[in-house]
Amino acid sequence: MRYLPLTEADRRSMLAAIRASTVDDLFRDVPKAARLSGPIEGLPNHMGELEVERSLSAMAGRNLPAGSVPSFLGAGSYRHHIPATVDHLVQRGEFLTAYTPYQPEVSQGTLQVLFEFQTQVSLLTGMDVANASMYDGATACAEAVMMANRVTRRKKAILSGGLHPHYRDTTTTDARFIGFETVVMPAAPTGGEDLLSQVDGDTSCVVVQNPDVFGHVRDYTELGKACQAKGVLLIVVVTEAVSLGLLTPPGEMGADIVAAEGQSLGNALNFGGPYVGLFAVKEKLVRQMPGRLCGQTVDADGRRGFVLTLSTREQHIRREKATSNICTNAGLCALAFSIHLSLLGEEGFTQLARLNHAKAVQLADKLGAVKGVEIVNDSFFNEFTVKLPKPAAEVVERLAERRILAGVPASRLFAGELEDLLIVAATETNTESDMDAFAKALAEVLS
Amino acid sequence: MTIKYTKDHEWVRVEGDVGTVGVSDHAQHQLGDVVFVELPDVGRALQQGKEAAVVESVKAASDVYAPVSGEVVEVNHELENEPARVNTGAETDGWFFKLRLTNPAELDGLMDEAAYKAFVEGQA
Amino acid sequence: MSMNNQGRPTDIRSASNSAVPDTVTGNRGLQIEEPLIFEQDASGRCGVDLPEMPAVASRLGAVKPRAKVGLPGLAEPQVVRHYTRLSQKNYAIDSGLYPLGSCTMKHNPRLNEKMARLPGFSDVHPLQPESTVQGALELMAELGRWLTTLTGMAAVTLAPAAGAHGEMCGIMAIRSAHEAKGDTGRTKILVPESAHGTNPATAAACGYSVEAIPATEDGRVDLEALKAKLGPDVAGLMLTNPNTCGLFERDIITIAEAVHAAGAYFYCDGANFNAIVGRVRPADLGIDVMHINLHKTFSTPHGGGGPGSGPVVFAESLAPFVPVPYVVQEKDGSFRLVEQAGDGPAFGRMKAFHGQMGMFVRALSYMMSHGADGLRQVANDAVLNANYVLASLKDVMTPSFDGPCMHECLFDDRFLKGTGVTTLDIAKALIDEGFHPMTMYFPLVVHGALLIEPTETESKAGLDQFVTALRALAERAKSGDAEYFQAAPRLTPRRRLDETAAARKPVLRWTPEAAVEKVAAE
């Protein structure tokens, strides 16, 4: 057993030091009825590295990696190129195998990374302050709504129909148990929606997504002003962080809270997780923010250093009065995000965003030329919705047989509804020949 | 002018029908460096013994209870920028808020300075 | 002889002046000062080369393109150096003993990292057609099988993103089960005083009032006090077992029976499952629902504070309420994902997509490596190591409770009484000795707690070294050398940091204005 350093001789001498005859003596507080006499049945015994690798590789081999075929899936998870440097640095043991920086003198590395991460997220979103990350975009969205309830002392959230259904459901699940109201607007794949008409004196916040789940890009400046006039917070959700390199940031549109998914930077698709939730607010709301925060200070010798701060908001101090029960952040995913963004820098990040948009425009032109296919969007960033003459789920299945991952059928997200809509994304990883192959295969499947 | 203390270490100094409220010097010592104070909104009606404000050190958040019932008429905004005043002047310029008493009879149930001093010594 | 005295001098000079000197750069040998990434900016510099841009017209609609983000520009070598230098300011399991009680800092095998990076797992989109992800669904089903077998439970959800998220999931299931029975009068959750802060925070977040259960003098739940609080208004009990004092709750079966007799459910916080994995199945203790921290018991990396993963196992009574999504196996052997709660009893959704897949792969890789026999040995060695540390320190420090401990041993600060040295000071002095400190001031039920969890991946020699250091510090404290402790740590990249200043005037990000002010000040 390669991970266990104790030898039999060690165990004997340690038991002697403890004055126990066998290790079973140490488990004497376990009720007799629950003691197992030997290894649990139904599971194999230990395996060598080679056997584990063989077995797991076989399972991995029964999946179709998105990068091995033309792939156009998005809807909250995006395939971008991750520079080799990112994964190399993330795997440094001092980052990978450290814990939460509770002892700041021996955690300045993690803490400085978090301080830089908070700054990067603030800059991207155009907000004043960001926290050290959340589990993912969907939980960040739910936490944003709960925070708005605390700030306004009101209990009703208006959720746009353009909000990713997983984000919507995560929020409404919390609403049911935690005890607040949600008004869920119907999905509006083609048109706008009148969110303001839903606002009343009990409304704490309006939640919109930009670009929305169908890919539409909107300017929420007017909505932000109207919300502010009514004492309602505007929460802007972003599922594609790369869009922040090209679009007016939520902070400039008047967002009070931004809840975003940061996976697009530094983090692989990973079949849905782990990802990294981004959470940014206006300055005045900082003490109501959930999650960890890193702050700058000085040490005993007057040198700049960093610590976790404002922790009185958190569960380990406030217990049942905490702003959230959150204990961890997404540390390593936040690190990957931060490294990728550092490599990109101003020039790289804005270029990457423009490139993604250009690729999507190119793809829309090619798909729009296929007979029977209609591009639904009048505006988009790197993702848009197409209307098909056949159920999208069926088309996607047929294209998968041809080794093309065509996009996400809206029906998969909207519980069987909107079955003729397909949500398609393009990133810098898609070549023109990928797009041509997609358009050609789509034409064949539809004919 | 009378100053009265509670067992939860708040003090209230009454002038006319207005009481000024803060935490005791003893409490400030126990809390350590105060880093943040959350004050009630002016106009809020407070009930004796119920949560009125929050005082935070680096490691702890403590509720401050209203020593007597009343309506908040003024809060000490200076504490928002300089929470350290709670440490340097707990019973002077580190006051939290002022309220208009709705039931002055409640004062009779509180301790005077000597009784509070004895109470604190008894706790140690 | 041929006298060749050329070349470099080889004597070690004199050790007479060994004090650490101030250096011109502020660097100290391998400890290199590193400015913020924002302070290394040069306009036009970039660490990536992107593909060529297709010439097309913008389709952004009414939204204005953004003028500027404000990110710094660095080339790749600078970025590599920046993060490498920062990493060198961290203590990590890879560098040494990390005995943080209740956090379970065990060795993180690199095989797990390699497996998680197989493109068949890492490069798979969560919304690909099911036919193209059968292996991923199989992995989730297989992990679920290991977890239900190890715990003896009926069902599992892999969705929760961390332990606290798993707690939330468990309490939501409990409430759903009561509601399904039309039992809406249950408004309380009982939580022992020694519980981790997430327990009361979770119960309160789910709309329950929290009632604390006192501990007995031997560090366990006061059974009589618990029974007195049970009634038709109690929805459930949240109990950590082994508890946060590192002790097994001897009366746990009686506790479970009492909870069930009152019509309530028994939630177990599985944060310390590593102490009993392979030796005890929680289902046999009468537990109805329990979360498992994959990053503790099953060694997925802590990553400086996440990502975690907190699957939850359920007994038969709560199984119908598991949230979406979950994997089912069809008769033909294929796997299918249930993603919509619909009108079924599933209580909803916890997060986007299907859970922390990357953590699932790592945890399964760890489980398979150990197997049923090895996991039992893991519990044995973890408990043996903790008891060895306890036995080796009990004459110079003050153990809080008698008898053997489980995977961690708890001391309080009575041994420091009158010395002027605190638990914090001991922790900081331990840093200078090259160890990460133990958990301090938790659990709250003892004064000045020092909670030590060595884990099974430490060698006897490593423990002996730690014990020697800690014994020497305890004796030094008692000998009246408080100043030594109060000045510790001295040998770290930074010494004690001013947390009061950080909290009074929070500086939570770098700003260009701050940079300008700094230049002006200089």
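Residues numbered from 1 in each chain as written. Chains lettered and ligands numbered in written order. Predicted model: local features only at pLDDT ≥ 70, side-chain atom pairs only at ≥ 80, totals over all residues. Heavy atoms only, no water.

1. Notes on the nonpolar core
All names here are of chain C.
Here is step 1: Ranked by internal contacts, the top residues of the largest apolar core, which has 119 residues, are Leu147 and Phe298.
Here is step 2: When residues in this core are grouped by element, the largest group, 19 residues, is from helix α9 (residues 357-393).
Here is step 3: Once residues within four sequence positions are removed from consideration, Leu147 is found in contact with Val156, Leu158, Ile292, Leu294, Phe298, Pro311, Val313 and Met367. (Core = buried A, V, L, I, M, F, W, Y, C linked by side-chain atoms within 4.5 Å. Buried < 20%, exposed > 50% of the residue type's maximum accessible area, 1.4 Å probe, protein only. Helix = DSSP H or I, 4+ residues; strand = E, 2+ residues; numbered from the N terminus. Contact = heavy atoms within 4.5 Å.)

2. Here we look at the interface of chain C and chain A
Here is step 1: Between chain C and chain A, the contact holds 205 residues from the first and 197 residues from the second.
Here is step 2: Here chain C and chain A share an interface that buries about 17,300 Å² over both sides, 62% of which is from carbon and sulfur atoms.
Here is step 3: Contact with chain A buries surface across chain C, with Arg59, Arg66 and Leu508 of chain C losing the most and accounting together for 5% of the total.
Here is step 4: Taken together, the connections running from chain C to chain A amount to 15 salt bridges.
Here is step 5: Between Arg11 of chain A and Asp381 of chain C there is a salt bridge, and its shortest N-O distance comes to 2.7 Å.
Here is step 6: Where chain C packs against chain A, one counts 100 residue pairs in polar contact (both at pLDDT 80 or more).
Here is step 7: With 26 residues, α9 of chain C is the single largest residue contributor to the side of chain C that touches chain A.
Here is step 8: Grouping the amino acids of the side of chain C that touches chain A by side-chain chemistry returns 107 nonpolar, 54 polar and 44 charged. (Buried area = accessible area lost by both parts, 1.4 Å probe. Salt bridge = Lys/Arg side-chain N within 4 Å of Asp/Glu carboxyl O. Polar contact = N/O pair within 3.5 Å; in protein donor to acceptor, adjacent residues only side chain to side chain. Nonpolar A, V, L, I, M, F, W, Y, C, P; charged D, E, K, R; others polar.)

3. Section: the packing of aromatic side chains
Here is step 1: Under the definition given, this model contains 16 aromatic pairs over all chains.
Here is step 2: Residues Phe115 of chain A and Phe306 of chain A carry aromatic rings whose centres are separated by 4.8 Å and whose planes lie at 40° to one another, so their mutual orientation is tilted. Placement of the pair is Phe115 of chain A in helix α5 (residues 108-125) and Phe306 of chain A in strand β9 (residues 304-308), with a sequence separation of 191 residues. This pair shows no difference in class: Phe115 of chain A is buried, exactly as Phe306 of chain A is.
Here is step 3: With a centroid separation of 5.5 Å and 90° between ring planes, the pair formed by Tyr484 of chain C and Phe485 of chain C is classed as edge-to-face.
Here is step 4: An aromatic cluster is present here, built from Tyr3 of chain A together with Phe298 and Tyr366 of chain C joined pairwise through their rings.
Here is step 5: We note Lys98 of chain B situated over the ring of Trp95 of chain B; from NZ or CZ to the ring centre the distance is 5.0 Å. (Phe/Tyr/Trp six-rings, centres within 6.5 Å; stacked < 30°, edge-to-face > 60°. Lys NZ or Arg CZ within 6 Å of the ring centre and 35° of its normal.)

4. Some thoughts on the domain arrangement of chain A
Residues and elements named next belong to chain A.
Here is step 1: Here the domain parsing of chain A yields domain 1 (66-81 + 345-446) and domain 2 (84-340).
Here is step 2: On the side of domain 2, 30 residues touch domain 1, which itself brings 30 residues to the contact.
Here is step 3: Approximately 2,400 Å² of surface area, both sides summed, lies buried where domain 1 meets domain 2, with 67% of it carried by carbon and sulfur atoms.
Here is step 4: Across the contact surface, domain 1 and domain 2 share zero salt bridges.
Here is step 5: Taken together, domain 1 and domain 2 are joined by ten residue pairs in polar contact (both at pLDDT 80 or more).
Here is step 6: Listing elements by their share of the side of domain 1 that touches domain 2, those giving two or more residues are α10 (331-368), β11 (383-387) and β13 (421-425).
Here is step 7: Per-class residue counts for the side of domain 1 that touches domain 2 are 15 nonpolar, eleven polar and four charged. (Domains from an automatic or database assignment.)

5. Topic: the pairing of strand β7 (residues 277-281) of chain A
All names here are of chain A.
Here is step 1: Of all five residues in β7, five are buried, a share of seventy percent or more.
Here is step 2: Along β7, one buried face is formed by Gly277, Phe279 and Val281 and the opposite face, lined by Leu278 and Ala280, is buried too.
Here is step 3: Across two bridges, strand β1 (residues 129-130) lies against β7 in antiparallel orientation. Residue pairing across strands places Ala130 opposite Ala280, the latter belonging to β7.
Here is step 4: Strand direction decides the pairing type here: strand β6 (residues 257-261) and β7, joined by five bridges, are antiparallel. When the bridges of β7 are listed, Val258 appears paired with Ala280. (Pairing = 2+ DSSP bridges.)

6. Some words on the sheet that holds strand β7 (residues 312-314) of chain C
Consider a sheet: its strands pair through backbone hydrogen bonds, and that pairing is either parallel or antiparallel.
Residues and elements named next belong to chain C.
Here is step 1: One open sheet holds the seven strands; their spatial order is β1-β7-β6-β5-β4-β2-β3, and the pairing between them is mixed. Here the strands that pair on one side only, and so sit at the sheet edges, are β1 (155-157) and β3 (209-213). On average, adjacent strands in this sheet sit at an angle of 20° to one another, irrespective of strand direction.
Here is step 2: Note: strand β4 (residues 234-240) against strand β5 (residues 265-269), five bridges, orientation parallel. Paired with Met238 across the bridge in β5 is Tyr267. (Axes fitted to C-alpha atoms, helices over the stretch in contact; angles between N-to-C directions.)

7. Some thoughts on the packing of helix α2 (residues 49-61) of chain A against α9 of chain C
Here is step 1: With their axes 10 Å apart at the nearest point, α2 of chain A and α9 of chain C run at an angle of 145° to one another. Here α2 of chain A and α9 of chain C pass one another in a crossing that is right-handed. Here Val52, Ser55, Leu56 and Met59 of chain A of α2 of chain A come into contact with α9 of chain C, specifically with Val361, Leu364, Ser365, Met368 and Ser369 of chain C.
Here is step 2: When its residues are assigned to classes, the contact of α2 of chain A with α9 of chain C shows six nonpolar, three polar and no charged. (Left-handed = near helix turned anticlockwise from the far one by under 90°.)

8. Observations concerning helix α8 (residues 221-229) of chain A
Residue and element names in this part refer to chain A.
Here is step 1: Of all the residues in α8, the buried ones are Leu223, Gly224, Ala226 and Cys227. The arc that holds the buried residues of α8, viewed along the axis, is 165°, so those residues lie on one side. α8 presents Glu222, Lys225, Gln228 and Ala229 as exposed residues on the side facing more than 90 degrees away from its buried surface.
Here is step 2: Against the buried residues of α8 lie β4 (203-209) and β5 (233-238).
Here is step 3: Phi for Gly231, located one or two positions after α8, is positive at around 70°. (Arc of directions from axis to C-beta.)

9. Comments concerning the pairing of β3 of chain C
All names here are of chain C.
Here is step 1: Strand direction decides the pairing type here: strand β2 (residues 188-192) and β3, joined by five bridges, are parallel. Looking across to β3, one finds that Val191 is bridged to Ala212.
Here is step 2: With helix α6 (residues 198-205) bridging β2 and its parallel neighbour β3, the resulting β-α-β unit is right-handed. (Right-handed = clockwise from strand over helix to strand, strands pointing away.)

10. A few points about the domain arrangement of chain C
Residues and elements named next belong to chain C.
Here is step 1: The assigned domain composition of chain C is domain 1 (113-367) and domain 2 (375-501).
Here is step 2: Taking both partners together, domain 1 and domain 2 bury about 1,800 Å²; carbon and sulfur atoms supply 64% of that area.
Here is step 3: When the area that domain 1 buries against domain 2 is broken down by residue, the three leading residues are Cys245, Asn274 and Arg279, summing to 27%.
Here is step 4: Inspection of the region where domain 1 meets domain 2 yields zero salt bridges.

11. Points about the interface of chain B and chain A
Here is step 1: With twelve residues of chain B at the contact, the number on the chain A side is seven residues.
Here is step 2: Summed over both partners, the interface of chain B with chain A comes to about 700 Å²; 38% of that surface belongs to carbon and sulfur atoms.
Here is step 3: Contact with chain A buries surface across chain B, with Phe36, Glu56 and Ala61 of chain B losing the most and accounting together for 42% of the total.
Here is step 4: Where chain B meets chain A, there are two salt bridges.
Here is step 5: Taking the shortest distance from any N to any O, the salt bridge between Glu56 of chain B and Arg287 of chain A comes out at 4.0 Å.
Here is step 6: Along the contact surface separating chain B from chain A lie one residue pair in polar contact (both at pLDDT 80 or more).
Here is step 7: Of all the elements in the fold, those that place two or more residues in the side of chain B that touches chain A are β4 (34-38), β6 (51-57) and β7 (61-65) of chain B.

12. Notes on the packing of α10 of chain A against helix α1 (residues 76-87) of chain C
Here is step 1: It is the contact of α10 of chain A with α1 of chain C, at a shortest axis distance of 9 Å, that shows an interaxial angle of 150°. As far as their axial angle goes, α1 of chain C and α10 of chain A are roughly antiparallel. Between α10 of chain A and α1 of chain C lies a crossing of right-handed hand. Contact residues: Leu335, Ser338, Ile339, Ser342 and Leu343 of chain A in α10 of chain A; Glu76, Val79 and Tyr83 of chain C in α1 of chain C. (Parallel < 35°, antiparallel > 145°, perpendicular 65-115°, else oblique.)

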